[in-house]
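# A structural walkthrough
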Amino acid sequence: MISAGIEVKISRLESIVEQIGEAVLSTTETIERLAERLETLSVQVEEQGKQVQQQGYQIFALCDAVQTLAESQDSSLQKLNQLTKTLDQLTSLIQGADD
């Protein structure tokens, strides 16, 4: 009787240890999959960071180009105004000479 009771307890303990082992293996596999996913996400975030940095450089270059264009346009507008004034003066002189 005592032997049968001990065998039942040992069998239960073996079953419990087996279940714990399966749980540990399952948990380990899950952790490994999560680690792989985390690595993938880390690589993706790093790539996106590089893309954002590159876009930042492109935006800076674009702003610089727009500023240069605005300055050039301002210079052209000043020259056009000067040309308009000169043409007005020539027109006035020509009209004055006709009178």
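Here the structure is a predicted model, which is why all the values come from computation and not from measurement. (Residues numbered from 1 in each chain as written. Predicted model: local features only at pLDDT ≥ 70, side-chain atom pairs only at ≥ 80, totals over all residues. Heavy atoms only, no water.)

### Some points on the overall build of the chain
- A tally of regular secondary structure across the chain gives one helix and zero strands.
- Rg of the C-alpha trace for the chain: 42 Å, well past the compact-globule value of 13 Å for 99 residues, more than 25% over.
- Element-wise, carbon and sulfur atoms account for 61% of the exposed surface of the chain, whose accessible area totals about 9200 Å².
- For the chain, the centre of its 7 positive side-chain charges and the centre of its 16 negative side-chain charges are spaced 9 Å apart. (Helix = DSSP H or I, 4+ residues; strand = E, 2+ residues; numbered from the N terminus. Rg over C-alpha atoms; globule rule 2.2 N^0.38 Å. Areas by Shrake-Rupley, 256 points an atom, 1.4 Å probe, with all protein chains shown as cover. Lys, Arg positive; Asp, Glu negative; His and termini not counted. Charge placed at Lys NZ, Arg CZ, Asp CG, Glu CD.)

### Observations regarding a nonpolar patch on the surface
- Taken together, the side chains of Leu 77, Leu 80, Leu 83, Leu 87, Leu 90, Leu 93 and Ile 94 make up a nonpolar region of the molecular surface, amounting to roughly 680 Å² of accessible area.
- Among the secondary structure elements, Ile 94 is positioned in helix 1 (residues 2-98). (Patch = residues over 30% accessible without salt bridge, like charges linked within 9 Å, V, L, I, M, F, W, Y side chains within 5 Å. Salt bridge = Lys/Arg side-chain N within 4 Å of Asp/Glu carboxyl O.)

### Regarding the pattern of salt bridges
- Under the defined criterion, the tally for this structure stands at two salt bridges.
- One salt bridge connects Lys 50 with Glu 46, and the closest N-O pair in it is separated by 3.9 Å. Here Lys 50 and its partner Glu 46 are both found in helix 1, four residues apart, which amounts to about one turn of the helix.
- When its relative accessible area of 46% is taken as the criterion, Glu 46 is described as partly exposed.
- With its nearest N and O atoms 3.9 Å apart, the salt bridge here joins Lys 50 to Glu 47. Of this pair, Lys 50 and Glu 47 both sit in helix 1, three residues apart, which is roughly one turn of the helix. (Buried < 20%, exposed > 50% of the residue type's maximum accessible area, 1.4 Å probe, protein only.)

### Digging into the environment of Ser 15
- Along the chain, Ser 15 turns up in helix 1.
- Residue classification places Ser 15 among the partly exposed positions, given a relative accessible area of 32%.
- Each C-alpha atom of the pair Ser 15 and Glu 39 lies 36 Å from the other, and the pair is 24 residues apart in sequence.

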